[in-house]
Amino acid sequence: MSDASYTFGPFRLDAGAVRLSRDGEPLALPDRQAAILLLLVSRAGKVVAKEALLDAAWKDVAVGDNSVEQAISGLRRALGPAPDGEPYIETLARRGYRFRVPVARVATRVEDAALEAMLAPHRAFVEGRTALETFERAAVTRAQDVFERILADAPDYGPAHIGLANAYYLRFESTRAESAPDRDALTKGVRHAREACRLNPSSGEAWATLGALLAQARMTAEAIAAARRSISLEDENWRHHLRLAYVSWGEERLRAARRALKLLPGFAFGHWLAASVHVARGAFEDAERELEAGAAAQDSQPSGSRFGSSGPHFLLGLVRLARGDEAAAVQEFERELALEDTAHIYTREVCAHTWCALGALRFRHGDAAAAAAAFDRALMSVPGYALALAGRALTAGTNAGLQSEGAGAALAARLAYLRAQGASVEATIVEAMHEALAGRHASAASLVQTALQAAPAGSSGWMLPVEPFLDVTGNPDEWAPVLALLRSRAA
């Protein structure tokens, strides 16, 4: 089987790997620029229409002519002037572009066995990535095994570092609400993501993955910078915009979520991210509209499909409860709990919070036994879940304070852990919940306001307006300063 490389000036372009070098030194190019360069070089001296370049670099992704122009500008900067002082790539108005310098084609031969060996890690990578995109716990474990095998044979294969970083990220995510989250997985994920960025600094996916992991490590500024860099490298990739939405807040999250949904309409999590900002701002109608779209998208997906989602029905229920429609809220909670047996990595956490919402409602109605049963169900989903421990402490009669024995002591230990991990606002909200359910709303609001004022900019506390434990909408005067602070943080 044959392949080819092309040489021009001091450059060599390997067609098989689409890899450019100058005087033998690798020269990093974004994937789409590399695809455009390969097409131009392979047709040196001939005019190549913009449409052909769009098809080569973007395939089925809908982009405008400006994308080609930006890629050509990037290539000209990377290549510099040709030996005659003119650009390597010539623009022909209304016709296209032409690679204007002589190009030599160097044929090489690769044996079938060697070719298969070259393809093996790529095939394995596709297998592992497909498994990750189901967001199912067992699939994440399988994907981790695949990427570890690839790196054992090819330690410098950048895509495998990206895949393994994502596998570790999802492992951490699946445990983040537990009493002992898998922080070792988070540390390993950051390490592999950084290595992927070092191996290929022009990989948008490597930077987007690093951004998601840094956000969970509470390195917010660095996370946003990494996600923004991924978009500067590959603006048409919906994954990168979704990651920026995930790590950012306020208007930047809304813009990034909308861009992701434009590139991939009907993606439930994109609607969820947009809704979170509307919730923090108190714009419940806008939040409800986004969540209805997200819930419909989630319901249309078969179990185990790629990019599955969890949570739109739960959050939609909270919004409807905050708007005074308890019957509709309970209906949404029940629809979320109908998915409790699915393997999605976020299902346990979402269902635990849903059971807590039902427990709060039952506690409000004076049914302590039913509330305790709901909190127990939450603890079955996620042992050590802080909200459920707080609810259980109340129903166990520990109203004297959170340091009481039994359920209260377990909660105190959990809150101490949250604070040690930098989640002081989350811990304070649980304490405020205890105050609110005891009828001390002014005290609850004061606790939360103090914690938010001391917290760095970001999404902390965004669910406060719809948190059923606090009943913020039922006590607007006490919570007005906190809501104003949340709106300003979500601007």
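For the structure itself, consult the block above.
Residues numbered from 1 in each chain as written. Predicted model: local features only at pLDDT ≥ 70, side-chain atom pairs only at ≥ 80, totals over all residues. Heavy atoms only, no water.

**Q** Which parts of the structure should I look at to understand the side chain of Ser 381?
**A** Within the secondary structure, Ser 381 sits in helix α17 (residues 368–381). On the basis of relative accessible area, Ser 381 is assigned to the buried category, the value being 11%. Side-chain polar atoms of Ser 381 contact the side chain of Glu 340, separated by 3.2 Å. Beyond its immediate sequence surroundings of up to four residues, Ser 381 is in contact with Glu 340, Arg 348, Cys 351, Ala 352 and Trp 355. (Helix = DSSP H or I, 4+ residues; strand = E, 2+ residues; numbered from the N terminus. Buried < 20%, exposed > 50% of the residue type's maximum accessible area, 1.4 Å probe, protein only. Polar contact = N/O pair within 3.5 Å; in protein donor to acceptor, adjacent residues only side chain to side chain. Contact = heavy atoms within 4.5 Å.)

**Q** When you look at the nonpolar core in this model, what are you seeing that I'm missing?
**A** One broad trend across soluble globular proteins is that nonpolar side chains are buried collectively. Among the nonpolar cores identified, the biggest contains 126 residues, and Tyr 385, Leu 470 and Trp 479 are the most heavily contacted of them. Residues Tyr 6, Leu 40, Leu 54 and Ile 89 belong to the second largest nonpolar core, which totals 30 residues. (Core = buried A, V, L, I, M, F, W, Y, C linked by side-chain atoms within 4.5 Å.)

**Q** Would you mind showing me how to read the pattern of salt bridges here?
**A** A side chain with one charge can pair with a side chain of the opposite charge if their charged atoms come near. Following the criterion strictly, the structure yields 26 salt bridges and no others. The partner of Asp 84 in a salt bridge is Arg 100, with the nearest N and O atoms 2.4 Å apart. In this pair, Asp 84 is assigned in the loop between α3 (65–79) and β6 (89–92) and Arg 100 in the loop between β7 (96–99) and β8 (104–109), connecting sequence segments 16 residues apart. Of the residues examined, Asp 84 reaches a relative accessible area of 47% and is grouped as partly exposed. Residue class for Arg 100 comes out partly exposed when judged on its relative accessible area of 30%. Through salt bridges with shared partners, a single ionic network connects Glu 285, Glu 288, Glu 292, Asp 299, Arg 320, Arg 323, Glu 332 and Arg 335. (Salt bridge = Lys/Arg side-chain N within 4 Å of Asp/Glu carboxyl O.)

**Q** Would you mind showing me how to read the packing of helix α11 (residues 250–263) against helix α12 (residues 268–281) here?
**A** A pair of packed helices is characterised by two quantities: the angle between their axes and the separation of those axes. Running from amino to carboxyl end, α11 crosses α12 at an angle of 155 degrees, the nearest separation of the two axes being 8 Å. Comparing the axis directions of α11 and α12 gives the class roughly antiparallel. Remark: the crossing between α11 and α12 carries left-handed chirality. Across from Gly 250, Glu 251, Arg 253, Leu 254, Ala 257, Arg 258 and Leu 261 in α11, the residues of α12 making contact are Gly 270, His 271, Leu 273, Ala 274, Ser 276, Val 277, His 278 and Arg 281. Within the contact of α11 with α12, the residues separate by chemical class into six nonpolar, five polar and four charged. (Axes fitted to C-alpha atoms, helices over the stretch in contact; angles between N-to-C directions. Parallel < 35°, antiparallel > 145°, perpendicular 65-115°, else oblique. Left-handed = near helix turned anticlockwise from the far one by under 90°. Nonpolar A, V, L, I, M, F, W, Y, C, P; charged D, E, K, R; others polar.)

**Q** Just checking my understanding: could you explain helix α5 (residues 137–153) for this structure?
**A** Residues three or four positions apart in an α-helix share a direction because the helix packs 3.6 residues into each turn. In this model α5 runs 25 Å from its N-terminal to its C-terminal C-alpha over 17 residues, within 8% of the 24 Å that 1.5 Å per residue would give. All of the buried residues in α5 are Ala 139, Val 140, Ala 143, Gln 144, Val 146, Phe 147, Ile 150 and Leu 151. Buried residues in α5, looked at end-on, bunch into an arc of 165 degrees, giving them a common side. Within α5, the exposed residues directed more than 90 degrees away from the buried face are Ala 138, Arg 142, Ala 152 and Asp 153. (Expected span 1.5 Å × (residues − 1). Arc of directions from axis to C-beta.)

**Q** Quick question: what am I supposed to make of helix α15 (residues 326–337) here?
**A** The terminal C-alpha atoms of α15 lie 16 Å apart, and with 12 residues this matches the ideal 16 Å at 1.5 Å per residue to within 8%. For α15, the elements touching its buried residues are α13 (284–299), α14 (312–322) and α16 (347–364).

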